[in-house]
Amino acid sequence: MKWERFVRPRAYLPGPVGPAPPAPSPAPARPPPAAALDPGVRLPRARTPRRGPTMAKRSSLFIRIVEGKNLPAKDITGSSDPYCIVKVDHEPIIRTATVWKTLCPFWGEEYQVHLLPTFHSVAFYVMDEDALSRDDVIGKVCLTRDTLATHPKGFSGWAHLTEVDPDEEVQGEIHLRLEVVLGTRACRLRCSVLEARDLAPKDRNGASDPFVRVRYNGRTQETSIVKKSRYPRWNETFEFELEEGAAEALCVEAWDWDLVSRNDFLGKVVFNVQRLRAAQQEEGWFRLQPDQSKSRREEGNLGSLQLEVRLRDEMVLPSGCYQPLVQLLCHEVKLGTQSPGQLILLIEETTSTECRQDVATTLLKLFLGQGLAKDFLDLLFQLELGRTSEANTLFRSNSLASKSMESFLKVAGMRYLHGVLGPIIDRVFEEKKYVELDPSKVEVKDVGCSGLHRPQTEAEVLEQSAQTLRAHLGALLSSLSRSVRACPAVVRATFRQLFRRVRERFPSAQDENVPFIAVTSFLCLRFISPAIMAPKLFHLRERHADARTSRTLLLLAKAVQNVGNMDTPASRAKEAWMEPLQPTVRQGVAQLKDFITKLVDIQEKEELDLQRALSLQAPLVKEGPLFIHRTKGKGPLMSSSFKKLHFSLTTEALSFAKTPSSKKSTLIKLAHIRAAEKVEEKSFGSSHVMQVIYTDDAGRSQTAYLQCKCVNELNQWLSALRKVSINNTGLLGSYHPGVFRGDKWSCCHQRDKTDLGCDKTRSRVTLQEWNDPLDHDLEAQLIYRHLLGVEATLREKHRQLSAGPEAGPVLTGPGGGRCFPPEPPFGDGGWGLPPRGPPAFQTGATLPALPSSCICLQPPRTQWPSCSRYCRTSGRPIGPAQLAPPPWSPATSWSCRHEAAPHNMLSPARFQAELPTTQDAAFFLEATWKKERDRRDSCLPSVQAGTGGHPLHLPRDSTPPLPQDRQACYSSGAGADAPDVLRV
């Protein structure tokens, strides 16, 4: 059967989620061009390609799984062993730890997932782990993308678990071609069932036996059955007589055939025949929908799950658009407290407690990428010390300095933490000793017997517990003392700055311990102690600790806190039963002070030498044991052929060795990686296998199959591989999730080994990790979005500082619009005006420069207003250019603030939809704003150029003409929708 390609008409039909691939033919087809790597991408209408960089829309999910309650008992003991599986569009990406023998588990795990903006839903499955049988499904919570979009601050709260109905657990897409064929007597409806992809696995072997059932007007026709495939291809056509006025819909259902039991439902697509008749033809990939005709089981009897889920969509522009903003922030940091603007202080004052951690992390990553992390933190230290009067309250609040330092230690010092703390944590988990120092909590029955006949007494338990804790604390302090050279140079330099600043602020002899306590407040209290109490959250362990181990870790963390507090009387008085550890604590204080003295004793030359030596080495991204199998020739692929090796991923290559200390051999060069994807379960009998597709030195395509031990490790390796290869040339858009066994692919049964693939790659789906490569553009966009969110606060702050004690007049225009004269800038701002306001907080050099630095980020208007004044609408003009006041001059006219939004302004959603590249913005800046600035400057000789992006502040009764090039680019009628402006 020969297929014909056609242009899809615009019709209201079930929305295709992807495009139609090129039709196959009996003869070998010519390979498509390099740009058409993914057969599942629908190409837009032909148009002249635009030059210049494109904008990228990025979506991310912040997920926090807190706890569950009132779960049903699944074990014969009347309890359960619950854990959670998180799936995005039915793809497992996260598995929490198992909490044993409880119906009210607490997880407290946080994740951040970067994914495509086209995802549909995220589902949370609560499972009961069983050692001998398959895990039981307790229930699920499903949140669609639309639901998350209606909660800008995120979904937070309890959600009832619902029953998992097999008929609702559908996934995948089906490729259909529908036509209305005109005949002499009657029209006929032709439905071509071509193929499907990513169908739900319904059989125990991880596959399905799919077939398609097409129903219309009482008639049913079925395709053939494709055995053991989730990516079947049918290429079968059915025809139905199309009756005039028939209101019945066309239903296409996918089913899994079973020999003994009933067939399993795989999903369906329903079409409106009347709309299809109007469209005449339709082809595309259609998302399979569940069967929701059944009555749902009553919610609430399966328990509840407490979640926090926040969706963040960002439109990231090219790097050049953020350069002015980044340069302004870097300039502020370089000037430090000598900066007249104090922009960092202003950001801190306008940041709420809820978002302070996010802002601190974003700023820290931004300056870390610019090589100014130490200077940024030093500025925060000075600001914090400037408002601290008592030494005992230093860095105790959740200020921007504290939050930024926490983020800095996690980003720059996590590998150092693993080297120091990892062996001690592993030993605590392996020993599983009962440790308790509080006499009121000692339970002798949990200890067992020390001999054959006599149980241990309470005193013996306390003494043995003290010995165990002393051993762990001594080992930790010894490991810390030996780690001076292992500490990253940037961390040491930052602690050096902190130590010096605190010693300068508190120079008296009675405050000699304050500089040491300032360092330990971050190193011990905010970094090492939290890692001891929650090792899984710091990636020190894969599972949460049980109750006995958790108590040991908590007591060890308390001891570390006492050492970090320099064994003050206040810390000893809180818990007197910690007295048995005092000798070790006092000895630890001396060790810690000696360690800090050596840690901060780093000179500038030594710091530069260490950083230079580090830059010569390829940074390690991820390492660990994996099982490898590389296919060679034909024959069956068995799981027993996997060999365990130690793998290391750097920014240059993926290497392996027999042991971590053995010599490494390069397996794949990073620049040769073309895709990193999962392998379907039936290929190797495991769902934790991934494939790395790459090209060898001869240019031939090769595949390495690597097996992980769990779903979390699988997704972590996939994320690491995708992040380091995201900028490679020749990345694949499609791939085969199976293996080429014998003479065909196991997934789609195609016999051409060079076939492009039957499923889409997911190179943008990654997990956020502490060692992720820095994304400078994304961090700059997040700062820009934060400034835009606090625009009203910044404007009010600037108004208060610039107005002084006088209050300007407030006029009322027609329709209740508020009119006011433009505020003069605070300080000269480069305009030759006398500074005003408190001399201690001169913001004139910062706030007018802030919008000017972001001017490239302001979208253009679709129409140019014909009014003679710049209409500053309340909160409506897009971009932070609204933060700065217009240049003030006696010749400047009054401006009007309308209550309604002007029609000539684009909303953010329309801007994102109508501007696929930034060329429109650049064209607007060059072709229009330059002309109006020149015109303004010629009329206002006292006002210098560079006004922060306000081109329409012209003298009274002057009307800016509509440029001819704008008339040619945009639609006419600019003056018709322009808002009225009050003329004075």
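All values derive from a computational prediction rather than experimental measurement.

Quick notes on the overall build of the chain
Move 1: A count of helical and extended segments in the chain gives 23 helices and 32 strands.
Move 2: Out of the 984 residues belonging to the chain, those deemed buried represent 50%.
Move 3: The long-range share in the chain, meaning contacts at least 24 apart out of those at least 6 apart in sequence, stands at 71%.

Quick word on the environment of His114
Move 1: If you trace the backbone, His114 turns up in strand S5 (residues 106-115).
Move 2: On a C-alpha basis, the gap between His114 and Ser60 in space is 4.3 Å, while along the polypeptide they are 54 residues apart.
Move 3: Beyond its immediate sequence surroundings of up to four residues, His114 is in contact with Ser59, Ser60, Arg764, Val765, Thr766 and Gln768.
Move 4: Only 2.5 Å separates the side chain of His114 from the side chain of Gln768, close enough to count as a polar contact.

Some points on the pattern of salt bridges
Move 1: On inspection of all chains with the given rule, the structure shows 37 salt bridges.
Move 2: The closest approach of N and O atoms between Glu179 and Arg177, which form a salt bridge, is 3.8 Å. Note on accessibility: Glu179 and Arg177 belong to one class, buried.
Move 3: Its salt-bridge partner being Lys598, residue Asp594 comes within 3.4 Å of it at the nearest N-O pair.

Notes on helix H14 (residues 582-599)
Move 1: The first and last C-alpha atoms of H14 sit 25 Å apart over 18 residues, in line with the 26 Å expected at 1.5 Å per residue.
Move 2: Among all positions of H14, only Gln582, Thr584, Val585, Gly588, Val589, Leu592, Phe595, Ile596 and Leu599 are buried. Buried residues of H14 fall within an arc of 145° about the axis and therefore sit on the same side.

Let's talk about the side chain of Ser304
Move 1: Relative to the assigned elements, Ser304 resides in strand S17 (residues 304-316).
Move 2: Classification of Ser304 by relative accessible area gives buried; the value is 7%.
Move 3: Within the structure, the side chain of Ser304 is placed 3.3 Å from the side chain of His160, a separation counted as a polar contact.
Move 4: Residues within four places of Ser304 in sequence aside, it is in contact with Glu67, Gly68, Lys69, Leu71, Trp158, Ala159, His160 and Leu161.

Digging into empty space enclosed by the protein
Move 1: This model, assessed by the stated rule, comprises eight cavities of 30 Å³ or more.
Move 2: Estimated volume of the second largest cavity: approximately 80 Å³.
Move 3: Lining the second largest cavity, in full, are Arg674, Ala675, Ala676, Glu677, Arg722, Ser725, Ile726, Leu731, Leu732, Thr761 and Ser763.
Move 4: Broken down by element, the lining of the second largest cavity gets its largest block of residues, four residues, from strand S22 (residues 673-678).
Move 5: In terms of residue class, the lining of the second largest cavity is made up of five nonpolar, three polar and three charged.

Observations regarding the sheet that holds strand S15 (residues 264-271)
Move 1: Pairing within the open sheet is antiparallel, and its four strands lie in the order S12-S11-S14-S15. Edge strands, defined here as strands with exactly one partner in the open sheet, are strand S12 (219-222) and S15. Averaged over neighbouring strand pairs, the angle between their axes works out to 20° when direction is ignored.
Move 2: Note: strand S11 (residues 210-216) against strand S14 (residues 250-256), six bridges, orientation antiparallel. Bridging across to S14, Val212 finds its partner in Ala254.

Considering the nonpolar core
Move 1: Among the nonpolar cores identified, the biggest contains 100 residues, and Phe495 and Ile532 are the most heavily contacted of them.
Move 2: For this core, the element with the most residues is helix H11 (residues 514-533), which contributes 11 residues.
Move 3: Once residues within four sequence positions are removed from consideration, Ile532 is found in contact with Leu421, Ile425, Leu476, Leu553, Leu556, Ala557 and Val560.

A short note on the packing of aromatic side chains
Move 1: One pass over the structure, following the stated rule, counts 10 aromatic pairs.
Move 2: Taken together, a centroid distance of 5.3 Å and an interplanar angle of 75° make the contact between Trp255 and Phe265 edge-to-face. Here Trp255, found in strand S14, pairs with Phe265, found in strand S15; they are 10 residues apart in sequence, far enough to count as distant.
Move 3: Residue Phe265 is classed as buried on the basis of its relative accessible area of 4%.
Move 4: Taking the centre distance of 6.1 Å and the plane angle of 45° together, the rings of Phe647 and Phe656 count as tilted.

Details of helix H12 (residues 547-564)
Because an α-helix completes one turn every 3.6 residues, residues spaced three or four positions apart along the sequence face the same direction.
Move 1: Along its 18 residues, H12 runs 26 Å from first to last C-alpha, staying within 8% of the 26 Å computed at 1.5 Å per residue.
Move 2: Among all positions in H12, only Thr549, Arg551, Thr552, Leu553, Leu555, Leu556, Ala557, Ala559, Val560, Asn562, Val563 and Gly564 are buried.
Move 3: Where H12 ends, the next residue or the one after it, Met566, has phi of about 60°, a positive value.

Looking at unusual backbone geometry
Move 1: If you check the backbone angles, Lys228 has positive phi at about 50° while not being a glycine.
Move 2: Mapped onto the elements of the fold, Lys228 is located in the loop between S12 and strand S13 (233-242).

Notes on the packing of helix H10 (residues 489-505) against H11
Move 1: One can describe the packing of H10 onto H11 by two numbers: an axis separation of 8 Å at closest approach and a directional angle of 140°. In terms of orientation, H10 lies oblique with respect to H11. Crossing of H10 over H11 shows right-handed handedness. Contact with H10, carried on its side by Phe495, Leu498, Phe499, Val502 and Arg503, involves Val514, Pro515, Phe516, Ala518, Val519, Phe522 and Leu523 of H11 and no other residues of that element.

Details of the sheet that holds strand S2 (residues 56-69)
Within a sheet, adjacent strands bond to each other through the backbone by hydrogen bonds, running parallel or antiparallel.
Move 1: With respect to topology, five strands assemble into an open sheet ordered S8-S17-S2-S5-S29, the strand pairing being antiparallel. Sheet topology places strand S8 (155-160) and strand S29 (766-767) at the edges, where each strand pairs with a single neighbour.
Move 2: Sheet topology places S2 next to S17; 13 bridges connect them, and they run antiparallel. Within the sheet, the bridge partner assigned to Ile63 lies in S17 and is Val309.

A word on the packing of helix H6 (residues 373-386) against H10
Move 1: Running from amino to carboxyl end, H6 crosses H10 at an angle of 20°, the nearest separation of the two axes being 10 Å. When the interaxial angle is binned, H6 and H10 end up roughly parallel. For the pair H6 and H10, the sense of crossing is right-handed. From H6, Lys374, Leu377, Asp378, Phe381, Gln382 and Leu385 reach across to H10, where they touch Ala493, Thr494, Arg496, Gln497, Leu498, Arg501, Val502 and Arg505.

Observations regarding the side chain of Arg551
Move 1: Among the structural elements, Arg551 can be located in helix H12.
Move 2: For Arg551, a relative accessible area of 17% puts it in the buried group.
Move 3: Not counting the four nearest positions on each side in its chain, Arg551 is found in contact with Val435, Glu436, Asp438, Lys441 and Trp577.

Let's talk about the pairing of strand S4 (residues 91-95)
Move 1: Here strand S3 (residues 82-88) runs beside S4; their pairing, made up of four bridges, is antiparallel. For Ile85, the partnering residue across the bridge sits in S4 and is Arg95.

Remarks on the confidence of the model for the chain
Should the pLDDT be low somewhere, the predicted coordinates at that spot are not to be read in detail.
Move 1: Across the chain, the average pLDDT comes to 74, with 71% of residues at 70 or higher.
Move 2: Segment residues 858-933: pLDDT under 50, and 224 contacts once partners within four positions in sequence are set aside and those in other chains are kept.

About the criteria used
- Residues numbered from 1 in each chain as written.
- Predicted model: local features only at pLDDT ≥ 70, side-chain atom pairs only at ≥ 80, totals over all residues.
- Heavy atoms only, no water.
- Helix = DSSP H or I, 4+ residues; strand = E, 2+ residues; numbered from the N terminus.
- Buried < 20%, exposed > 50% of the residue type's maximum accessible area, 1.4 Å probe, protein only.
- Contact = heavy atoms within 4.5 Å.
- Polar contact = N/O pair within 3.5 Å; in protein donor to acceptor, adjacent residues only side chain to side chain.
- Salt bridge = Lys/Arg side-chain N within 4 Å of Asp/Glu carboxyl O.
- Expected span 1.5 Å × (residues − 1).
- Arc of directions from axis to C-beta.
- 1 Å grid on protein atoms, 1.4 Å probe; cavity = no way out; pocket = protein on both sides within 12 Å on 5 of 7 lines; lining within 4 Å.
- Points joined across faces, edges and corners; volume = space filled by probe spheres on them.
- Nonpolar A, V, L, I, M, F, W, Y, C, P; charged D, E, K, R; others polar.
- Pairing = 2+ DSSP bridges.
- Axes fitted to C-alpha atoms, helices over the stretch in contact; angles between N-to-C directions.
- Core = buried A, V, L, I, M, F, W, Y, C linked by side-chain atoms within 4.5 Å.
- Phe/Tyr/Trp six-rings, centres within 6.5 Å; stacked < 30°, edge-to-face > 60°.
- Parallel < 35°, antiparallel > 145°, perpendicular 65-115°, else oblique.
- Left-handed = near helix turned anticlockwise from the far one by under 90°.
- pLDDT = per-residue confidence, 0-100.

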